[in-house]
Amino acid sequence: MSADTIAAIATPPGRGGLGVVRLSGPAALVLAERLLGRRLEPRRASWAEFRDSAGALLDHVVATFFPGPRSATGEDVVEIAAHGSPVLLQALLEAALAAGARLADPGEYTRRAFLNGRIDLAQAEAIADLIAAHTLHQARSAARQMGGSVARLLRPAHERLTHLIARLEAGIDFAEDDVTVLADDALAAAIGGVEAELQTLAAGFEHARALREGLTVALVGRPNVGKSSLFNRLLERERAIVTAEPGTTRDLVEDSLDWDGLAVRLRDTAGIRPPAGEAERLGIERSWQAAADADFVLAVCDASQPPGPEDRALLDRLQALPRALLVRNKADLPPAPAWDAPEWNGAVTPLVVSARTGAGLDALRRAVRAAALPPAGAESDAITNLRHARQIALARDHLARAAAAAGVPHEALLVDLYEALHALDAITGQTTVEDILGVIFSTFCIGK
Amino acid sequence: MAAAQAYDVAIVGGGHAGVEAARAAARMGLRTALFTLNPELIAQMPCNPAIGGIAKGHLVREVDALGGLMGEATDAVGIQFRLLNTSRGPAVWSPRAQADKKLYRQQVRAMLAEEPNLAICAAEVGGLDVEALPGGLRRVRGVRLRDGATVAAAAVVITTGTFLNGLIHVGETTYPAGRRGEPAAHLLGESLKLLGFACGRLKTGTPPRLDAKTIDWSQFEPQPGDAEPTPFSFLTPRIQRDQVLCYSTFTNAGTHAAVRANLHRSPLYSGQIAGVGPRYCPSIEDKVVKFPAKERHQIFLEPEGLDTDEIYLNGMSSSMPADVQAAMVASIPGLERATMLRPGYAIEYDFVQPTELRATLETKAIAGLFLGGQINGTSGYEEAACQGLMAGINAALQVKGAPPLVLSRTEAYTGILVDDLIARGADEPYRMFTSRAEFRLHLRIDNADLRLTPFGRRIGLVTDDRWRRFEAKRARQEAVEALLRNERRPGDPLPAAQMLKRPEVLLTAYVPWLRQRLPEVAAAQERDDPAGWELKTVETAIKFEGYLAQQRRHMEQLREAEGKTIPESFDYDALPGLSREMQQKLGRVRPATLGQASRIPGVTPAALSLLLVHLELRRRAAAQ
């Protein structure tokens with residue numbers, strides 16, 4: 001019986017009606033209950049809510065617990081069925097991993113089922129062939145990775161870590177030779193150097209994921225500055241209710257669009273002003289939340305009206321958020337010159353648009369794309385595979401432990417450094433003792 | 001020719017591997033013969049006059065814990081003891097001792113003489129008597145001496161060190177030898193090749209010896225031993241002998257110039273030596289060439305014994321011509337007028353690829369034939385001793401019809417050494433390092449007895465006296481640990497074990513309290529273990545609890561993989577989905593377990609996964 005609990009998306013990739021994330025292993029039930037915040041009964045489908053870490057409801061799901069050994073793998077299994085959007089299933093899987101499951105290797109469910117005797121000999125032979133096919137595929141893709149872009153991305157971190165380990169090992173195994181022991185501050189700096197490399201890769205993964213899953217762009221501003229008109233113009237169809245009466249959009253309105261290959265979820269929000277009633281107060285609160293959650297904020301103002309203290313307060317607050325752009329709408333009307341003052345514009349060229357005529361919208365799209373996308377060429381250099389991202393996160397956990405360990409002898413510190421190295425090795429291929437010794441012997445003059 | 005006499009176990013070679021094998025087999029009650037060219041040179045140290053060192057000291061402790069002789073012999077004749085690496089944690093502390101070479105030989109001879117089952121035979125073994133069994137199997141049934149006589153033996157252990165086709169190089173001069181002044185073993189070397197073993201060629205070297213009377217000692221930095229010498233054997237409470245000084249100095253620009261000016265005469269650089277030498281033990285010419293920016297290299301002057309004037313120039317290993325070595329020596333202040341008693345030399349020798357061996361050190365090709373020590377591609381007295389011991393033990397167990405003793409990587413450096421050899425083979429002389437031990441925190445010198453003495457007892461190597469002392473010690477440690485974990489010292493906010501987790505809190509501060517709470521335990525400990533090692537074990541278990549547990553999880557994974565055995569007849573070529581490359585790698589080593597397969601260089605996780613599934617398929621097919 002396996003000691004660890006694995007998780008994976010069990011349904012084929014692509015958008016289906018329903019998708020399933022499956023957990024298998026001794027902790028499957030505990031992890032699933034923690035994830036869904038409710039108890040599960042054996043062999044009974046239960047409704048549950050799947051919420052993100054901030055508590056926002058992402059989906060209603062159906063979870064079923066199959067106790068081992070009478071389950072598909074022979075172990076405790078929990079299947080969580082969600083509405084089949086790939087992004088949602090991915091989020092569910094990541095939540096399971098964050099709760100402590102390990103991402104299943106390809107073919108691992110089948111292998112566990114087989115090893116736990118849930119499959120008879122005739123079936124097993126067929127499955128062995130299947131695993132063989134998987135294995136060949138795995139070997140081929142591993143070979144690709146070894147010389148491929150992921151290994152290239154990881155090389156600086158991996159090399160730094162290998163050299164740090166070799167340095168510490170030399171100080172232990174060759175203490176009698178002319179090897180100086182790494183001082184505490186140099187050691188901390190070396191761990192920090194590896195961590196910085198990995199941190200860059202992890203950030204690249206998050207960024208690449210944002211691109212894949214689409215960018216949320218929120219239109220935020222005072223009432224009646226033309227947010228909804230802009231929203232509709234960008235969508236090029238009437239969707240939000242547009243009236244001349246301020247405070248019309250009380251709730252969030254969202255739609256998806258494609259800006260030259262960049263998936264965008266555009267959100268219209270309620271105008272922000274001192275609220276007139278309870279319904280509006282709720283709407284305004286949601287606007288702030290939408291602005292905070294968005295990857296990108298378009299702060300819309302009415303350039304035909306002179307700016308006031310409310311505009312100032314609003315913009316100060318919006319500009320504290322990452323990636324906000326000021327959009328001067330209603331360019332079709334005579335402009336109020338006060339908007340040209342430097343305090344409203346900063347270093348960037350102002351985006352002057354007209355929702356009514358469509359003027360300036362191409363420039364707006366270009367500006368969002370330019371700010372959201374990494375510089376040309378960098379995109380292909382991101383870690384995109386969840387498995388790789390998990391291994392990097394694991395390595396960082398161990399580096400953090402090593403960095404936090406004070407007054408610990410190097411051979412103990414090395415326990416975590418090796419775990420970090422092996423986490424990366426799972427992507428790049430095994431680092432052996434001979435590799436470490438090779439670094440030592442080429443770096444230090446060892447031996448008597 | 002008729003058999004002269006029959007033995008249960010025959011050992012070929014009386015070096016550090018051979019003597020361990022011989023004593024183990026004899027102590028286990030078997031009629032044992034040790035064949036050696038010259039009984040006067042049994043347990044000779046042809047290289048440095050020292051035992052132990054980092055990781056090597058661990059091996060000696062393990063040999064001792066199992067009931068071997070190296071630790072006790074060193075304690076008896078050591079002339080300077082140092083515990084190394086004490087600025088690190090206890091897992092990598094390791095003892096080293098300068099030994100009087102002549103006294104060491106005498107000591108080991110005396111220990112062997114106490115074994116009534118052991119015969120020491122001065123004879124050259126030229127070949128093996130091997131019989132073919134049905135089904136293409138072969139089995140050894142004795143050794144053939146140079147004169148043609150056959151000596152029957154149920155098991156044979158070969159521990160011939162550097163003697164197989166040994167060739168010594170001093171500058172342009174080469175001559176066949178096993179060690180300096182001793183003939184090489186050609187007959188046996190050729191005989192092993194004829195039996196079909198994959199052999200390779202390695203190289204090692206040794207520095208010049210100087211005459212102490214001709215050295216100006218005032219020029220050197222004295223290197224004292226420890227004030228409190230740390231013994232190797234668990235049976236030695238205290239080192240009795242007076243300690244001597246060693247000295248250290250450095251090479252200089254003049255030394256390096258002498259090397260550079262004569263590189264064309266160096267057998268290493270002229271292409272005269274084909275064997276691969278150890279990277280961790282380079283000759284002085286190698287150091288100068290490979291690290292040109294280094295202005296000086298440290299060297300040590302170590303006495304070869306108490307009543308000899310021979311000084312070993314540690315760090316100056318060389319195979320340069322004698323006149324160049326003399327110039328190198330004379331370039332060092334204090335050695336200007338030193339007489340070189342013997343020049344250093346390099347020696348090339350045959351070894352058998354250890355992938356030919358099982359984990360018991362029995363050859364896969366010939367049943368009953370075991371190999372131990374340098375013949376398996378290792379270097380060092382300590383590496384030889386632990387293999388000799390394991391080969392002797394397993395030869396004896398086989399003759400007795402008892403199950404073999406195989407130590408795991410989770411249990412002993414000895415297990416790591418054997419596992420590395422049989423899974424990876426040797427492409428340079430193999431030396432032990434603590435970095436080879438993935439569970440290093442668990443494999444310490446202080447707990448070698450806890451790890452291994454029960455095995456030694458089970459196979460009959462641990463005497464009643466040692467066992468009684470071991471059990472008493474273990475009981476004391478358990479009593480101390482229970483007290484520390486469960487009770488609070490007056491004035492402490494937490495139980496003692498919790499307090500000890502703080503880096504600045506040491507167990508020595510709790511000794512007065514232990515004396516008060518456990519007076520009998522403390523008194524017995526102070527009598528049997530004056531240095532307090534058994535308390536150190538308890539302290540380490542508490543202080544490093546988190547890291548020890550972290551390693552233990554991986555140890556369990558490894559044990560699980562070791563539990564999945566692969567039949568020797570497994571046909572890798574018939575495994576669908578396994579690439580040609582994997583078939584070759586696995587087929588060459590024929591690993592005994594899935595764990596061993598995972599340590600063959602280049603074998604992928606995917607291949608292991610496939611192997612696991614097919615092992616299970618076979619198991620089920622067999623069950624039906």
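Residues numbered from 1 in each chain as written. Chains lettered and ligands numbered in written order. Predicted model: local features only at pLDDT ≥ 70, side-chain atom pairs only at ≥ 80, totals over all residues. Heavy atoms only, no water.

Regarding the overall build of chain A
Thinking step 1. Counting its regular elements, chain A contains 13 helices and twelve strands.
Thinking step 2. Scored against the burial criterion, the 448 residues of chain A give a buried share of 47%.
Thinking step 3. Within chain A, contacts between residues separated by at least 24 positions form 66% of all contacts whose residues are at least 6 apart in sequence.
Thinking step 4. Roughly 20900 Å² of accessible area belongs to chain A as shown, and the carbon and sulfur atoms make up 54% of that amount. (Helix = DSSP H or I, 4+ residues; strand = E, 2+ residues; numbered from the N terminus. Buried < 20%, exposed > 50% of the residue type's maximum accessible area, 1.4 Å probe, protein only. Contact = heavy atoms within 4.5 Å. Areas by Shrake-Rupley, 256 points an atom, 1.4 Å probe, with all protein chains shown as cover.)

Let's talk about the overall build of chain B
Thinking step 1. Scanning chain B from terminus to terminus reveals 21 helices and 21 strands.
Thinking step 2. Taken against the 2.2 N^0.38 rule, which gives 25 Å for 624 residues, the C-alpha radius of gyration of chain B at 26 Å falls within 12% of a compact globule.
Thinking step 3. Across its three principal directions, the C-alpha atoms of chain B cover 75 × 75 × 50 Å.
Thinking step 4. Taken across its 624 residues, chain B has 59% of its residues classed as buried.
Thinking step 5. In the structure as shown, chain B presents an accessible area of about 23300 Å², 52% of it carried by carbon and sulfur atoms. (Rg over C-alpha atoms; globule rule 2.2 N^0.38 Å.)

Focus: the sheet that holds strand β4 (residues 78-84) of chain B
Residue and element names in this part refer to chain B.
Thinking step 1. Read across the open sheet, the three strands follow the order β3-β5-β4; overall the sheet is antiparallel. Strands with a single pairing partner mark the edges of an open sheet, and in this sheet they are β3 (50-52) and β4. Strand-to-strand twist in this sheet, taken as the mean axis angle between neighbours without regard to direction, amounts to 20 degrees. (Pairing = 2+ DSSP bridges. Axes fitted to C-alpha atoms, helices over the stretch in contact; angles between N-to-C directions.)

A short note on the interface of chain A and chain B
Thinking step 1. On the chain B side, the residues contacting the 49 residues of chain A number 48 residues.
Thinking step 2. At the junction of chain A and chain B, the tally comes to four salt bridges.
Thinking step 3. Between Arg-279 of chain B and Glu-434 of chain A there is a salt bridge, and its shortest N-O distance comes to 3.5 Å.
Thinking step 4. Taken together, the links from chain A to chain B amount to 13 residue pairs in polar contact (both at pLDDT 80 or more).
Thinking step 5. Broken down by secondary-structure element, the contributors of at least two residues to the side of chain A that touches chain B are α3 (108-115), α4 (121-147), α5 (149-173), α11 (386-404), α12 (410-428) and α13 (433-443) of chain A.
Thinking step 6. Take the side of chain A that touches chain B: its biggest share by element is ten residues, from α4 of chain A. (Salt bridge = Lys/Arg side-chain N within 4 Å of Asp/Glu carboxyl O. Polar contact = N/O pair within 3.5 Å; in protein donor to acceptor, adjacent residues only side chain to side chain.)

Comments concerning the pattern of salt bridges
Thinking step 1. Throughout the structure, instances matching the rule amount to 71 salt bridges over all chains.
Thinking step 2. Linking Asp-4 of chain A and Arg-102 of chain A is a salt bridge whose minimum nitrogen-to-oxygen distance equals 2.5 Å. Separated by 98 residues along the polypeptide, Asp-4 of chain A in the segment before β1 (6-9) and Arg-102 of chain A in strand β6 (residues 102-103) bring together distant segments of the chain.
Thinking step 3. Lys-193 of chain B is the salt-bridge partner of Glu-190 of chain B, the closest N and O atoms lying 3.7 Å from each other. Of this pair, Glu-190 of chain B and Lys-193 of chain B both sit in helix α5 (residues 186-194), three residues apart, which is roughly one turn of that helix.

A short note on α5 of chain B
Residues and elements named next belong to chain B.
Thinking step 1. Those residues of α5 that sit buried are Leu-188, Gly-189, Ser-191 and Leu-192. Each buried residue of α5 sits inside an arc of 165 degrees when the element is viewed along its axis, so together they form one side.
Thinking step 2. Just downstream of α5, Gly-196 is the residue with a positive phi angle, here 100 degrees. (Arc of directions from axis to C-beta.)

Details of the sheet that holds strand β19 (residues 345-352) of chain B
Residue and element names in this part refer to chain B.
Thinking step 1. What the four strands build is an open sheet, ordered β11-β10-β19-β12; its pairing is antiparallel. Whereas interior strands pair on both sides, the edge strands pair on one side only; in this sheet they are β11 (173-176) and β12 (199-206). Taking the axes of each pair of neighbouring strands and ignoring which way they run, one obtains an average angle of 25 degrees across the sheet.
Thinking step 2. As judged from the eight bridges shared by β12 and β19, these two strands associate in the antiparallel manner. Each residue of the ladder has a partner; that of Cys-199, found in β19, is Val-352.

Some remarks on the packing of aromatic side chains
Residue and element names in this part refer to chain B.
Thinking step 1. Counted under the stated rule, the structure contains nine aromatic pairs over all chains.
Thinking step 2. Judged by centre distance (4.8 Å) and plane angle (50 degrees), the ring pair of Trp-217 and Tyr-247 falls under tilted. Of this pair, Trp-217 sits in the loop between β13 (209-211) and β14 (221-223) while Tyr-247 sits in strand β15 (residues 246-250), and the two are 30 residues apart along the sequence.
Thinking step 3. Taking relative accessible area as the criterion, Trp-217 reaches 25% and is therefore assigned partly exposed.
Thinking step 4. Of the residues examined, Tyr-247 reaches a relative accessible area of 19% and is grouped as buried.
Thinking step 5. The interplanar angle of 75 degrees and the centroid separation of 6.1 Å between the aromatic rings of Tyr-510 and Trp-513 together place this pair among those described as edge-to-face. (Phe/Tyr/Trp six-rings, centres within 6.5 Å; stacked < 30°, edge-to-face > 60°.)

Examining the packing of α11 of chain A against α12 of chain A
Residue and element names in this part refer to chain A.
Thinking step 1. Running from N to C, α11 and α12 cross one another at 170 degrees; their axes reach a closest spacing of 8 Å. Compared by their axis directions, α11 and α12 come out roughly antiparallel. Here His-388, Gln-391, Ile-392, Leu-394, Ala-395, His-398, Leu-399, Arg-401 and Ala-402 of α11 come into contact with α12, specifically with Leu-413, Asp-416, Leu-417, Glu-419, Ala-420, Ala-423, Leu-424, Ala-426 and Ile-427.
Thinking step 2. Tallied by class, residues from the contact of α11 with α12 come to twelve nonpolar, three polar and three charged. (Parallel < 35°, antiparallel > 145°, perpendicular 65-115°, else oblique. Nonpolar A, V, L, I, M, F, W, Y, C, P; charged D, E, K, R; others polar.)

Considering the pairing of strand β8 (residues 138-145) of chain B
Residues and elements named next belong to chain B.
Thinking step 1. Bridge analysis of strand β7 (residues 125-132) against β8 gives seven bridges, and the strand direction is antiparallel. Note that in β8 the partner of Asp-129 across the bridge is Gly-142.
Thinking step 2. From the end of β7 to the start of β8, which pair antiparallel, there are five residues, and Gly-135 there has a positive phi angle of about 85 degrees.
Thinking step 3. Bridge analysis of β8 against strand β20 (residues 366-367) gives two bridges, and the strand direction is parallel.

Let's talk about the domain arrangement of chain B
Thinking step 1. The domain architecture assigned to chain B consists of domain 1 (209-346), domain 2 (464-548) and domain 3 (563-623).
Thinking step 2. Computed over C-alpha atoms only, the centres of domain 1 of chain B and domain 3 of chain B are separated by 48 Å. (Domains from an automatic or database assignment.)

A closer look at the side chain of His-398 of chain A
Thinking step 1. Topologically, His-398 of chain A is positioned in helix α11.
Thinking step 2. Given a relative accessible area of 13%, His-398 of chain A falls into the buried group.
Thinking step 3. Setting aside residues no more than four positions away along its own chain, His-398 of chain A makes contact with Asp-416, Glu-419 and Ala-420 of chain A together with Gln-550 of chain B.

So, helix α1 (residues 16-27) of chain B
Residues and elements named next belong to chain B.
Thinking step 1. Here α1 is twelve residues long and its end C-alpha atoms lie 17 Å apart, about the 16 Å a rise of 1.5 Å per residue gives.
Thinking step 2. Along α1, the residues classified as buried are His-16, Ala-17, Gly-18, Val-19, Glu-20, Ala-21, Ala-22, Arg-23, Ala-24, Ala-25 and Ala-26.
Thinking step 3. After α1 finishes, the residue Gly-29 shows a positive phi value of roughly 95 degrees. (Expected span 1.5 Å × (residues − 1).)

Some details on the nonpolar core
Nonpolar side chains in soluble globular proteins tend to be buried together.
Thinking step 1. Grouped together as the largest cluster of nonpolar side chains are 96 residues, with contacts concentrated most on Val-143, Val-156, Ile-158 and Ile-393 of chain B.
Thinking step 2. The leading source of residues in this core is helix α10 (residues 381-400) of chain B, at ten residues.
Thinking step 3. The contacts of Val-143 of chain B, once residues within four sequence positions are left out, are Ala-10, Val-12, Phe-35, Val-125, Gly-127, Leu-128, Asp-129, Ala-149, Thr-150, Val-151 and Val-156 of chain B.
Thinking step 4. One finds Ala-157, Leu-168, Val-194 and Ala-395 of chain A within the second-largest nonpolar core, a separate group that totals 42 residues. (Core = buried A, V, L, I, M, F, W, Y, C linked by side-chain atoms within 4.5 Å.)

Notes on the state of the cysteines
Residue and element names in this part refer to chain B.
Thinking step 1. Tallying each qualifying case throughout the model produces zero disulfides over all chains.
Thinking step 2. You can see Cys-386 has no disulfide; the closest cysteine sulfur is in Cys-281, sitting 17 Å from it.
Thinking step 3. Relative accessible area serves as the criterion here: at 1%, Cys-386 is assigned to the buried category. (Disulfide = S-S within 2.5 Å.)

Brief notes about unusual backbone geometry
Thinking step 1. At the junction of Gly-68 of chain A and Pro-69 of chain A, the peptide bond is cis and its omega measures out at 0 degrees in the coordinates.
Thinking step 2. With respect to the helices, strands and loops of the structure, Pro-69 of chain A is situated in the loop between β4 (57-66) and β5 (77-83).
Thinking step 3. The phi angle at Asn-165 of chain B is positive, at roughly 50 degrees, despite the residue not being glycine.
Thinking step 4. With respect to the helices and strands, Asn-165 of chain B occurs in the loop between β9 (150-158) and β10 (167-170).
Thinking step 5. For Arg-590 of chain B, which is not glycine, the phi torsion reads 50 degrees and is therefore positive.
Thinking step 6. On the basis of relative accessible area, Arg-590 of chain B is assigned to the partly exposed category, the value being 32%.

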